[in-house]
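What follows is each chain in one-letter form.
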Amino acid sequence: MHKTSATLLIIDDDDVVRASLAAYLEDSGFKVLQANNGLQGLEVFQQEGPDLMICDLRMPQVDGLELIRRINVLGVDVPVIVISGAGVMNDAVEALRLGAADYLIKPLEDLAVLEHSVRRALDRSRLRVENQRYREKLEAANRELQASLHLLQEDQNAGRQVQMNMLPVTPWQVDGLNFAHQIIPSLYLSGDFVDYFRIDERRIGFYLADVSGHGASSAFVTVLLKFMTTRLLYEWRRGGTLPEFKPSDVLGHINRGLINCKLGKHVTMLGGVIDEESGMLTYSIGGHLPLPVLFENGQARYLEGRGLPVGLFEEAEYGDLEMQLPESFSLTLLSDGILDLLPGDTLKEKELALPQLVSQAGGTLGGLRQVLGLANLGEMPDDIALLVLSRNLA
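What counts and how
Residues numbered from 1 in each chain as written. Predicted model: local features only at pLDDT ≥ 70, side-chain atom pairs only at ≥ 80, totals over all residues. Heavy atoms only, no water. Salt bridge = Lys/Arg side-chain N within 4 Å of Asp/Glu carboxyl O. Helix = DSSP H or I, 4+ residues; strand = E, 2+ residues; numbered from the N terminus. Buried < 20%, exposed > 50% of the residue type's maximum accessible area, 1.4 Å probe, protein only. Core = buried A, V, L, I, M, F, W, Y, C linked by side-chain atoms within 4.5 Å. Contact = heavy atoms within 4.5 Å. Pairing = 2+ DSSP bridges. Axes fitted to C-alpha atoms, helices over the stretch in contact; angles between N-to-C directions.

(A) Quick peek at the pattern of salt bridges. Counted under the stated rule, the structure contains 16 salt bridges. Between Arg119 and Glu115 there is a salt bridge, and its shortest N-O distance comes to 2.7 Å. Here Arg119 and its partner Glu115 are both found in helix α5 (residues 111–154), four residues apart, which amounts to about one turn of the helix. A residue is classified by how much of its surface remains accessible, and Arg119, at 24% relative accessible area, is partly exposed.

This is how it looks when you write it as structure tokens:
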């Protein structure tokens, strides 16, 4: 909505008309300035800087069209509404060509028409200003991003070192839970990323993310993911007591962050929180395939869940799913690059094969390395990431 404290300048050599317009618009909540000719109006305009100007077309010395031209020379983007009793089409066309926001014909029998025109012009002016500021911020962000990417491309060794330093220790044991991961980039830098960390004394968080594309630009987004999740955890801790650390909230936070950054990248993600006291796993899925594979009692199966990719849709909403973790289990998360290694000609055949391979591997990362031949991979078309968390596996 327009700002209710907007200042309007009315320029009209007809004192009665000018006073009538001013009284009506003041009653509508606007601050109104007045001038009885074009020269005086230009002086008031320069001194007061109104948000919108209403001017008569036919005035002595400086008419409405000339007034618009002089304001245009000043380079000030202020909407102008022209009111004329002449009703000449050429005048209307010229006023609109010069940038007038609207052209109204006297007499104005219903001043609500003028008020509607004023409010609409103010709203459009506000949107133009906001869009300009947004473009400037976006251009600045793009310049910073391009500079960062240029540095990464100049020294990929440094970039890889940064990325490796962001990854968690593998393997990692905490209170009977074991975490282990492996990332195999198709290029020198990876668009896949994993992380796991302690949230508080009873909860542990983890996620696997697969950024669209490959190389330095996708790797940069993994840095951004790490920053956003770490920053979010810091902000929530700063209050002293953590609220529910819902995976769906984290995915929503990242979704908004990626969209606002305008990087042209999106992410598929799996995120979860384990409550060690209750043994409950809460997880959320952001457009990711394959789904997590749960291994227990020698059998493997997919967990349920679905959701939109992260960073594509402003209206995306993410839900949480819960399950009681078995006493002995493993949970395997993989990026979709793993599908290139699976047997089968179709996606359905490959998805059917994955739980069988996890069972064959005994639900362990080491077993998957052997079953999938990860040690002997040649050039891969996509990054591959594996994250296995387990408890009490024989």
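(B) Seen up close, the nonpolar core. With 50 residues, the main nonpolar core has Phe179, Phe206, Leu225, Val267, Met269, Leu281 and Leu331 as its most contacted residues. Excluding its chain neighbours within four sequence positions, the residues that come into contact with Met269 are Tyr207, Leu208, Ala209, Leu225, Leu251, Ile254, Ser284, Ile285, Gly286, His288 and Val310. Leu9, Ile11, Val80 and Ala95 belong to the second largest nonpolar core, which has 24 residues in total.

(C) The sheet that holds strand β1 (residues 7–11), seen in detail. Strands sit in the order β2-β1-β3-β4-β5 across an open sheet of five strands; the sheet is parallel. Each end of this open sheet is capped by a strand with a single partner; those strands are β2 (31–35) and β5 (102–105). Strand-to-strand twist of the sheet, defined as the mean angle between neighbouring strand axes without regard to direction, takes the value 20°. Of the strand pairs in this sheet, strand β4 (residues 80–84) and β5 are connected by four bridges, and their pairing is parallel.

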